[in-house]
Amino acid sequence: MTSMLTLESLNTCPPDAFVAALAEIWEHAPWVPERVVQQRPFASVAALHGAMVAVVAALDEPARIAFYAGHPELAGADTRRGTMTDDSIAEQASLDLATLDAASAQRWDALNAAYRTRFGFPFILCIRRHTRASALQAFEQRLQHDRATELAAALDEIAAITRLRLAQRVAPASTFTTPA
């Protein structure tokens, strides 16, 4: 993307342009912005983000797990192959997760496998808020959660990830006013 969008343009563009502009914020889930387009105009970027997060939060557990399953594993095979969304590639590259040595890759793979076995979806973490060491610590700590706690934690992390992605694309605006 070469230039930032404005909230005003998102509030007034055709619905398909709105969805196209925001689809990549959500990992393989353009249905998230599709479900909020009719709620426009949004008073702020935060209100837009909140509406989209509410869509995901309202999903029943099987649908939320299916959505979570669309996210890549941290330092997993897709990371090493570079076969993720551009956002995920950039985020994981911030900690050089695609270029781990064999022992480190093996550790991440073991954690990913244990997490997926325990919870049924990949470990999701807003990696841009972490160092490699703190990400590993969070990984190990969250493996101890019960299912309900981890379902909520994954949603919180997705909210953080998408908040940062949205901020990269949409210029902040405090309010949207309609013409008199």
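Please read all numbers here as calculations on a predicted model, not as lab measurements. Starting from 1, residues in each chain are numbered consecutively following that chain's sequence as written. Reporting in this predicted model follows two pLDDT cut-offs: at least 70 for local features of residues, and 80 or more for side-chain atom pairs to be given and counted; totals over whole chains, interfaces and linings ignore these cut-offs and use all residues. Calculation of side-chain values draws on the structure's entire complement of heavy atoms; hydrogens and water are dropped beforehand.

**Q** Where do I start with the overall build of the chain in this structure?
**A** Put simply, DSSP H or I for four residues or longer makes a helix, DSSP E for two residues or longer makes a strand, and each gets a number counted from the N terminus. A tally of regular secondary structure across the chain gives 10 helices and 2 strands. In sequence order, the chain lays out its α and β elements as β-α-α-α-α-α-α-α-α-α-α-β. We compute the radius of gyration over the C-alpha atoms and compare it with the globule rule, which gives 2.2 Å times the number of residues raised to the power 0.38. The C-alpha atoms of the chain give a radius of gyration of 17 Å, which matches the 16 Å a tight globule of 180 residues would have. Along the three orthogonal principal directions, the C-alpha set of the chain runs to about 60 × 35 × 25 Å. Across the 180 residues in the chain, those meeting the buried criterion constitute 47%. In the chain, 73% of the contacts between residues at least 6 apart in sequence involve partners at least 24 apart. For the area figures, the Shrake-Rupley method with a 1.4 Å probe applies, and any residue is considered shielded solely by the protein chains shown. Accessible surface, the chain as shown: approximately 8,900 Å² in total, 56% of it carbon and sulfur. In summary, the charge assignment counts Lys and Arg as positive and Asp and Glu as negative, without counting His or the chain termini. The location of each charge is read from NZ of Lys, CZ of Arg, CG of Asp or CD of Glu. The centroid of the 16 positive side-chain charges in the chain is displaced by 2 Å from the centroid of its 20 negative side-chain charges. Relative accessibility thresholds used throughout: buried, under 20% of the residue-type maximum; exposed, over 50%; partly exposed, between the two (1.4 Å probe, protein chains only). Residues are treated as being in contact if the distance between any of their heavy atoms lies within 4.5 Å.

**Q** What is the right way to read empty space enclosed by the protein from this model?
**A** Picture a little ball the size of a water molecule; that probe, rolled over the atoms, points out where space is still empty. Residues are called lining when one of their atoms sits within 4 Å of a cavity or pocket point, these points coming from a 1 Å grid over the protein atoms alone, where a cavity is a set in which a 1.4 Å probe fits but cannot get out and a pocket is an open set with protein on both sides within 12 Å along at least five of seven lines. Grid points are joined across faces, edges and corners, and a volume is the space filled by probe spheres set on the points. Considering all chains together, one arrives at 2 cavities of 30 Å³ or more under this definition. The calculated volume of the largest cavity comes to roughly 160 Å³. Elements supplying a minimum of two residues to the lining of the largest cavity: helix H7 (86–93) and helix H10 (147–169). Nonpolar residues are Ala, Val, Leu, Ile, Met, Phe, Trp, Tyr, Cys and Pro. Charged residues are Asp, Glu, Lys and Arg, and all others, Gly as well, are polar. Split into classes, the residues belonging to the lining of the largest cavity amount to 9 nonpolar, 3 polar and 4 charged. Empty space within the second largest cavity amounts to approximately 40 Å³. Around the second largest cavity sit Ile25, Trp26, Glu27, Phe67, His71, Ile158, Ile161, Thr162 and Arg165, which together line it. Among the elements that make up the lining of the second largest cavity, the one with the highest residue count is H10 (4 residues).

**Q** I'm lost on the environment of Ile124 in this one. Help?
**A** Of note, Ile124 is situated in the loop between helix H8 (102–119) and helix H9 (132–142). Taking the C-alpha atoms as reference, Ile124 lies 8.9 Å from Phe139; in sequence the two are 15 residues apart. Each residue touching Ile124, except ones within four places of it in the same chain, is listed here: Tyr68, His71, Arg142, Ala154, Glu157, Ile158 and Ile161.

**Q** What exactly am I supposed to notice about the packing of helix H4 (residues 45–57) against H10 here?
**A** How two helices pack is summed up by the angle between their axes together with the distance between the axes. Contact geometry of H4 with H10 gives a least axis separation of 10 Å together with a crossing angle of 145°. Our pair here, H4 against H10, has a crossing hand that is right-handed. Where H4 abuts H10, its residues Val45, Leu48, His49, Met52, Val53, Val56 and Ala57 lie against Leu155, Ala159, Thr162, Arg163 and Leu166. Of the residues in the contact of H4 with H10, the class split is 9 nonpolar, 2 polar and 1 charged. The axes used here are C-alpha line fits, helices contributing only the stretch in contact, and every angle between their N-to-C directions lies in the interval 0 to 180 degrees. Crossings are classed by handedness, with left-handed meaning an anticlockwise turn of the near helix from the far one by less than a right angle and right-handed meaning a clockwise turn.

**Q** Teacher, can you tell me more about the nonpolar core here?
**A** Note that soluble globular proteins tend to have their nonpolar side chains buried in a common cluster. Judged by nonpolar contacts, the single largest core of 55 residues is most densely connected at Phe18, Leu22, Trp26, Leu48, Tyr68 and Trp108. Those elements that place two or more of their residues in this core are helix H1 (7–12), helix H2 (15–22), H4, helix H5 (61–69), H8, H9 and H10. Residue contacts for Leu48: discarding those within four places in its chain leaves Leu7, Leu10, Phe18, Leu22, Val36, Phe42 and Leu166. We define the nonpolar core as a collection of buried residues of types Ala, Val, Leu, Ile, Met, Phe, Trp, Tyr and Cys that are connected through side-chain atoms lying within 4.5 Å of one another.

**Q** Could you clarify how one ought to interpret the confidence of the model for the chain in this entry?
**A** Low pLDDT means the predicted atomic positions in that stretch should not be read closely. Residue-level pLDDT values for the chain average 89, and 94% of them are 70 or greater. Per-element averaging of pLDDT across the chain places helix H6 (residues 77–81) at the bottom with 73 and helix H3 (residues 31–34) at the top with 98. Residue range residues 174–180 is modelled with pLDDT below 50. Its contacts to residues more than four positions away, or to other chains, number 11 contacts. Per-residue confidence from the predictor is reported as pLDDT, a score between 0 and 100.

**Q** What should I look at first to understand the packing of aromatic side chains in this one?
**A** What characterises a pair of aromatic rings is the spacing of the ring centres plus the angle enclosed by the ring planes. A pair of Phe, Tyr and Trp rings is counted when the ring centres sit within 6.5 Å of each other, with Trp represented by its six-membered ring. The angle between the planes then sorts it: under 30 degrees is stacked, over 60 is edge-to-face, the rest tilted. A full pass over the atoms with the stated rule returns 12 aromatic pairs. Measuring from centroid to centroid gives 5.7 Å for Tyr115 and Phe121, while their planes differ by 80°, and the two rings are edge-to-face. On the basis of relative accessible area, Phe121 is assigned to the buried category, the value being 0%. An angle of 40° between the planes, with centres 6.2 Å apart, marks the rings of Phe119 and Phe121 as tilted. Exposure class is identical for Phe119 and Phe121. Each is buried. Of the aromatic side chains, those joined through ring pairs into one cluster are Trp26, Trp31, Phe67, Tyr68, Trp108, Tyr115, Phe119, Phe121, Phe123 and Phe139.

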